[in-house]
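# Structural overview for review
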Amino acid sequence: MKIIAECGATKSDWRLIDGRKEIRQVLVSGINVSAMSMDAVKTVVDEALGQLCAVCEAVESIHMYVAGVVAEEIHDLLKSFLTAYYPSASVEIQTDLVAAARAACGHAPGIAAILGTGSNSCQYDGREIVKKVAAGGFILGDEGGAATLGRLFLSDFIKGLVPAEVAEDFASRYPSDYASIVENVYRSQSPSAYLGSLAPFIMEHYDHPYIKELVDGNFRSFIRRSLKQYDTEGCPVGVVGGFAYALKDIFLRIASEEGIRISRIVKAPIDSLADYHA
């Protein structure tokens, strides 16, 4: 049996599989090791594996995909968290971008993009990533993602640039004083998750010209600043992520306007990863 974990900033999806058969799924809080303390990461891992251990002890391999693995020290800590539960299992820890490439392209060359809470992209040769435009995170980049959409909206809101009818609706439903917004953005455990959580509200107002421009511009920025740096004419472009899937009609329209053909949009990468590892 194998454990596959796909850990985004908003949620972590853990699957216990036997061949192509799913034995159990566990959903817990999100993980981004570049934005969370390792103690907080361990808490999430413990919660997930604690539930899976109750089901099965015979695990031969663990494949964990997680955002923010940029240092060997982090890789080693994550591996120690996993082997504490399954000492004899082989452990593979990869980035969320490798997960996207495997889910969107399988074993074939292509361009893979993530559009979830954050965003990322790469060119993949069927075995490994051969080119990557730096994502930059929700402060320096993440164009096209839900967190950046939330950041753009809040930036306008605190400056009084959001149209009155939309601003009033937001203020009636969310803590909207300046101090609360600053607290959530700069001092919460996961600022990107907070910003991304505003996307459903924003999309309720998509028929407003201001919001339409904000949403369309966010996707357009991702395409122009990231996707167009790859060979989009010679390679298929696959996209993974719940945000892209939920807004697929909008994203496909913007991509078409920008001359990009999208081959597939995968809602949950882990569904394809289960097939990949099976």
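Throughout what follows, the structure given in this document is the object of discussion. (Residues numbered from 1 in each chain as written. Predicted model: local features only at pLDDT ≥ 70, side-chain atom pairs only at ≥ 80, totals over all residues. Heavy atoms only, no water.)

Here we have five strands laid out as an open sheet, ordered β8-β7-β6-β9-β10, and mixed in their pairing. Sheet topology places β8 (129-131) and β10 (262-266) at the edges, where each strand pairs with a single neighbour. Geometrically, the sheet is characterised by an average inter-axis angle of 35 degrees between neighbouring strands, direction not taken into account. Sheet topology note: the strand β6 (residues 110-115)/strand β7 (residues 119-124) ladder contains six bridges and is antiparallel. Counterpart to G110 in the pairing with β7 is Y124. Where helix α3 (residues 96-105) meets the sheet, its contacts fall on β6, β7, β8, β9 (237-240) and β10, and the angle it forms with β6 comes to roughly 120 degrees. Contacts from helix α12 (residues 248-257) reach β6, β9 and β10, with the element oriented near 160 degrees to β10. (Pairing = 2+ DSSP bridges. Helix = DSSP H or I, 4+ residues; strand = E, 2+ residues; numbered from the N terminus. Axes fitted to C-alpha atoms, helices over the stretch in contact; angles between N-to-C directions. Contact = heavy atoms within 4.5 Å.)

Time to look at the nonpolar core. Judged by nonpolar contacts, the single largest core of 47 residues is most densely connected at F153, L154, V215, F219 and L227. The residues touching F219, leaving out its near neighbours within four places in the chain, are L115, G144, F243, L247, I250, F251 and I254. One finds L49, V59, I62 and F81 within the second-largest nonpolar core, a separate group that totals 30 residues. (Core = buried A, V, L, I, M, F, W, Y, C linked by side-chain atoms within 4.5 Å. Buried < 20%, exposed > 50% of the residue type's maximum accessible area, 1.4 Å probe, protein only.)

Before going further, it helps to examine the packing of helix α5 (residues 146-158) against helix α6 (residues 164-173). The interhelical angle for the contact between α5 and α6, taken along N-to-C directions, is 100 degrees, at an axis separation of 11 Å. Here α5 lies roughly perpendicular to α6, going by the angle between them. For the pair α5 and α6, the contacting residues are F153, L154 and F157 in the first and V166, A167 and F170 in the second. The class makeup of the residues in the contact of α5 with α6 is six nonpolar, no polar and no charged. (Parallel < 35°, antiparallel > 145°, perpendicular 65-115°, else oblique. Nonpolar A, V, L, I, M, F, W, Y, C, P; charged D, E, K, R; others polar.)

With that settled, the discussion passes to the pairing of strand β1 (residues 2-7). Most of β1 sits inside the fold, with five of its six residues counted as buried. Sheet topology note: the β1/strand β2 (residues 11-18) ladder contains six bridges and is antiparallel. Bridging from a neighbouring strand, K2 pairs with I17 of β2. In sequence, β1 turns back onto β2 through a hairpin of three residues. Relative to strand β4 (residues 61-66), β1 runs parallel, the two being bridged by six bridges. Counted as the bridge partner of K2 is S61 from β4.

For the coordinates displayed, the defined rule picks out one cavity of 30 Å³ or more. Its volume calculated, the largest cavity comes out at about 40 Å³. As for the largest cavity, its lining consists of S119, N120, S121, V133, A134, A135, E143, F222 and S226. Of the residues forming the lining of the largest cavity, the biggest block, three residues, is contributed by β7. Taken together, the residues of the lining of the largest cavity sort by class into four nonpolar, four polar and one charged. (1 Å grid on protein atoms, 1.4 Å probe; cavity = no way out; pocket = protein on both sides within 12 Å on 5 of 7 lines; lining within 4 Å. Points joined across faces, edges and corners; volume = space filled by probe spheres on them.)

Before going further, it helps to examine the layout of surface pockets. The computed volume of the second largest pocket comes to approximately 270 Å³. Lining of the second largest pocket is provided by F138, I139, R151, L154, S155, I158, Y178, I181, V182, V185, Y186 and L195. Listing elements by their share of the lining of the second largest pocket, those giving two or more residues are α4 (137-140), α5 and α7 (178-186). Here the lining of the second largest pocket takes five residues from α7, the largest share from any one element.

The strand order β3-β2-β1-β4-β5 describes an open sheet built from five strands, whose pairing is mixed. Looking at the sheet topology across the chains shown, the edges are occupied by β3 (21-29) and β5 (90-95). The mean angle between the axes of side-by-side strands here comes to 15 degrees, regardless of whether they run parallel or antiparallel. In this fold helix α1 (residues 38-53) packs onto β1, β2, β3 and β4, with an angle of close to 150 degrees to the strand it touches most, β3.

Glancing now at the pattern of salt bridges. This model, assessed by the stated rule, comprises 17 salt bridges. Here E92 ties to R102 by a salt bridge, and the two come within 3.1 Å at their closest N and O atoms. With E92 in strand β5 and R102 in helix α3, this pair connects stretches of sequence that are ten residues apart. Just as E92 is buried, R102 falls in that class too. Notably, a salt bridge pairs R220 with E257, separated by 3.0 Å at the nearest N-O pair. You can see R220 sitting in helix α10 (residues 209-225) and its partner E257 sitting in helix α12, a full 37 residues away along the chain. Using a relative accessible area of 46% as the deciding quantity, one classes E257 as partly exposed. (Salt bridge = Lys/Arg side-chain N within 4 Å of Asp/Glu carboxyl O.)

All quantities given are derived from atomic positions and should not be read as evidence of function.
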